[in-house]
Amino acid sequence: MDKILVSACLMGHCVRYDGGHQKLLSQTIDLWQKQQRLVVLCPEVAGGLLTPRPPAEIQSATGQVMDIEGNDVSDAFNRGAQMALSICQQHQIRYALLKESSPSCGGKFIYNGEFSGSKIPGSGITAKLLKQHGVRVYGEQDLNDLIKMVNQN
Ligand code: SF4
């Protein structure tokens, strides 16, 4: 059975920058968890960042990840992305369910780097790396598509 990488905050782990979570309620997720198909990771915590932490956004001009206090946190974000990739390779994971719009996990949208609340099309650091290596990334809004895809295989 295919394993699926999942953002830890979607599983209810309090790992978001603000100390909260974004638990996704779904019977299918509960079933997959019972079947031990889920591999749960927060790339930012895995990369060495603390919870809570200042919010960070990818800068459009440079691609650097800067937090709202002006610190360059790109190294931690890149480390977390590399860890996510090695976990996918180790478990032969082809699908990831990642929190949309996050500077790590966002698959279709990210914030624009100005801490203004505006989103632009783009991918977070982890989502981008996984996609470059053939992992199909789904956001929480695409859960039904992911379920169909996993059930076909
Ligand atoms: S890095 Fe990903 S898993 Fe961690 S809190 Fe942000 S969106 Fe959730």
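As annotated in an unreviewed UniProt entry, the protein is DUF523 domain-containing protein from Thalassotalea marina.

Notes on the overall build of the protein
The secondary structure content of the protein amounts to five helices and eight strands. Listed by position from the N terminus, the elements making up the protein come as β-α-β-α-β-β-α-β-β-β-α-β-α. For 153 residues, the compact-globule estimate of 2.2 N^0.38 gives 15 Å, and the C-alpha radius of gyration of the protein, at 15 Å, lies within 12% of that figure. If you line up the protein on its principal axes, its C-alpha atoms span 45 × 30 × 25 Å. Accessible surface, the protein as shown: approximately 8,000 Å² in total, 49% of it carbon and sulfur.

Examining the site of the ligand
The local shell around the ligand holds 14 residues, among which Cys 9, Cys 42, Glu 44, Ser 102 and Cys 105 are the closest. Residues belonging to the shell around the ligand are distributed by class as follows: seven nonpolar, three polar and four charged.

So, helix 4 (residues 125–132)
Here helix 4 has its buried residues at Ile 125, Thr 126, Ala 127, Leu 129 and Leu 130. Positive backbone phi, at 90 degrees, marks Gly 134, one or two positions downstream of helix 4.

What counts and how
- Residues numbered from 1 in each chain as written.
- Predicted model: local features only at pLDDT ≥ 70, side-chain atom pairs only at ≥ 80, totals over all residues.
- Heavy atoms only, no water.
- Helix = DSSP H or I, 4+ residues; strand = E, 2+ residues; numbered from the N terminus.
- Rg over C-alpha atoms; globule rule 2.2 N^0.38 Å.
- Areas by Shrake-Rupley, 256 points an atom, 1.4 Å probe, with all protein chains shown as cover.
- Near = heavy atom within 4 Å.
- Nonpolar A, V, L, I, M, F, W, Y, C, P; charged D, E, K, R; others polar.
- Buried < 20%, exposed > 50% of the residue type's maximum accessible area, 1.4 Å probe, protein only.

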